[in-house]
Amino acid sequence: MNTCRFIANTVLILTLCASAVPRISAQQATAHMVVTVEPHHGSDVPTVNREDVMVYEGKDRDRVTEWIPAQGEHAALEFFILLDDGSDSSLGQQLQDLRKFIEGQPASTKIGVAYMQNGIARVEQNLTSDHAQAAKALRLPMGAAGANGSPYFSLSDLIKRWPESTARREVLVVSDGIDRYYGTGDLLDPYLDEAIGSAQRAGILVSAIYSPGVGHFGHSYWQTYWGQLYLAQVADRTGGESYYIGFNGPPVSVAPYLEDLTRRLSHQYLLTFLPMPPKKAGLQPVKLKTEVSNVDLVSADRVYVSPAPEQ
């Protein structure tokens, strides 16, 4: 009798303990991000393994389930070049470097070309694996920003119309970054904020190269300062990179920027982790850390998380 009671109690205790242990349900929501590994100095990128990656939501550390190099069968990339039709004629001097960048991309990359025009993204070439065809879509800017002259309207429009994909999705914006619709001088520009949120929800990385616009804004220190600040903000908060040249005119060449961007694309990883279950779907702030020396993990500062499905 005592033996039977002991066995029964043992089974009960084990059952209670098992129910108290946190379990990872097959239905638990996961979050996905594209992360760029960036060395502090030089071009040698240290090796970062899954166990080296730490994801935090506030003080809570999330479990990393996958850390896959974006290479080989995971190298697929959809990449749009979004140019500002309000740029001045100096952008024409950069088109050849942009063509070389397009033609130099690997076969796993699809390229699209669009222009910011009247607050929309006017697509000149849909995403294609024919890089030569994509390069032909580049043209001189019209030199007019249009009635709704916010580059962030156009960026949001491109993201909204971009079909979902399992491939990485990234945009290179070439613009002065000046919001002629809302104005400058406000870090809480709602159209900038909406573009950032749209990119984060879609998991799209945005990089940017400053190129001056037409007219007075093209040489106004105040306007170009804020335009570049906005471009830097959208790139930094989505996990991209911004390239700027100061306030004295267009860059001599964008080739060094494009070379750096190509290196970044070749050192990206697909991160999957288990976020804290939210009460409702939305963007959650995250921070990535690693103890690997001489390296940063560059990503968006928020990720879209859905509640776990009800069982």
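All of these numbers come straight from a predicted model, not from anything done at the bench. (Residues numbered from 1 in each chain as written. Predicted model: local features only at pLDDT ≥ 70, side-chain atom pairs only at ≥ 80, totals over all residues. Heavy atoms only, no water.)

Enquirer: Teacher, can you tell me more about the overall build of the chain here?
Expert: Per the secondary structure count, the chain includes seven helices and 14 strands. Across the 311 residues of the chain, 47% fall into the buried class. Of the accessible surface of the chain, which amounts to about 16000 Å², a share of 53% is contributed by carbon and sulfur atoms. (Helix = DSSP H or I, 4+ residues; strand = E, 2+ residues; numbered from the N terminus. Buried < 20%, exposed > 50% of the residue type's maximum accessible area, 1.4 Å probe, protein only. Areas by Shrake-Rupley, 256 points an atom, 1.4 Å probe, with all protein chains shown as cover.)

Enquirer: So what exactly am I meant to see when it comes to the sheet that holds strand β5 (residues 109-117) here?
Expert: The strands making up a sheet associate through backbone hydrogen bonding, with each pair oriented either parallel or antiparallel. In space, the six strands of this open sheet follow the order β6-β5-β4-β7-β8-β9, with mixed pairing throughout. A strand with exactly one partner marks an edge of an open sheet, and here the two such strands are β6 (120-128) and β9 (242-243). The strands touched by helix α2 (residues 95-103) are β4 (77-84), β5 and β7 (168-175); relative to β4, the strand with the most contacts, the crossing angle is about 170 degrees. Where helix α6 (residues 221-238) meets the sheet, its contacts fall on β7, β8 (204-210) and β9, and the angle it forms with β8 comes to roughly 155 degrees. (Pairing = 2+ DSSP bridges. Contact = heavy atoms within 4.5 Å. Axes fitted to C-alpha atoms, helices over the stretch in contact; angles between N-to-C directions.)

Enquirer: So what exactly am I meant to see when it comes to the packing of helix α5 (residues 190-202) against α6 here?
Expert: When two helices pack together, their arrangement is given by the angle between the helix axes and the distance between those axes. As a packed pair, α5 and α6 sit with axes 9 Å apart at the nearest point and diverge in direction by 25 degrees. In terms of their interaxial angle, α5 and α6 are classed as roughly parallel. Crossing handedness for the pair α5 and α6: right-handed. Taking contact as the criterion, the partners of L192, D193, I196, A199 and Q200 in α5 are, on α6, Y230, Q233, V234, R237 and T238. Considering only residue class, the contact of α5 with α6 consists of five nonpolar, three polar and two charged. (Parallel < 35°, antiparallel > 145°, perpendicular 65-115°, else oblique. Left-handed = near helix turned anticlockwise from the far one by under 90°. Nonpolar A, V, L, I, M, F, W, Y, C, P; charged D, E, K, R; others polar.)

Enquirer: How should I be thinking about unusual backbone geometry in this particular structure?
Expert: The general pattern is negative phi for most residues beyond glycine and trans for most peptide bonds. Even without being glycine, N118 reaches a positive phi, approximately 55 degrees. As for its position among the elements, N118 is in the loop between β5 and β6. Using a relative accessible area of 39% as the deciding quantity, one classes N118 as partly exposed. Its identity as a non-glycine residue notwithstanding, N294 has a phi of 65 degrees, on the positive side. Position of N294 relative to the elements: it lies in the loop between β12 (287-290) and β13 (295-298). Judged by its relative accessible area of 27%, N294 falls in the partly exposed class.

Enquirer: Can you walk me through α2 in this structure?
Expert: Quick reminder: α-helices carry 3.6 residues per turn. Residues three or four places apart thus point the same way. Residues of α2 that are buried: L95, D97, L98, F101 and I102. For α2, the buried positions fall inside an angular range of 160 degrees around the axis, keeping them on one side. On its buried side, α2 packs onto β4, β5, α3 (131-136), β7 and α7 (255-265). (Arc of directions from axis to C-beta.)

Enquirer: When you look at a nonpolar patch on the surface in this model, what are you seeing that I'm missing?
Expert: Among the surface-exposed residues, L187, L188, Y221, Y225 and L229 lie close enough to one another that they form a single nonpolar patch of about 540 Å² accessible area. As for its position among the elements, Y221 is in helix α6. The exposed category is assigned to Y221, whose relative accessible area is 55%. (Patch = residues over 30% accessible without salt bridge, like charges linked within 9 Å, V, L, I, M, F, W, Y side chains within 5 Å. Salt bridge = Lys/Arg side-chain N within 4 Å of Asp/Glu carboxyl O.)

Enquirer: So what exactly am I meant to see when it comes to the side chain of D189 here?
Expert: Take D189: it is sitting in the loop between β7 and α5. Buried within the structure, D189 lacks any salt-bridge partner; its nearest side chain of opposite charge belongs to R180, at an N-O separation of 11 Å. Among the polar contacts made by the side chain of D189, one reaches the main-chain amide nitrogen of L192 at a distance of 3.2 Å. Once residues within four sequence positions are removed from consideration, D189 is found in contact with D179, Y182, G183 and Y230. (Lys, Arg positive; Asp, Glu negative; His and termini not counted. Polar contact = N/O pair within 3.5 Å; in protein donor to acceptor, adjacent residues only side chain to side chain.)

Enquirer: Explain α6 to me, please; I cannot follow it from the model alone.
Expert: If you check α6, its first and last C-alpha atoms are 26 Å apart, about what 18 residues at 1.5 Å a residue would give, namely 26 Å. Where α6 is concerned, the buried positions are Q223, T224, W226, G227, Q228, Y230, L231, V234, A235, R237 and T238. Two residues or fewer past α6, G239 is found with a positive phi of approximately 95 degrees. (Expected span 1.5 Å × (residues − 1).)

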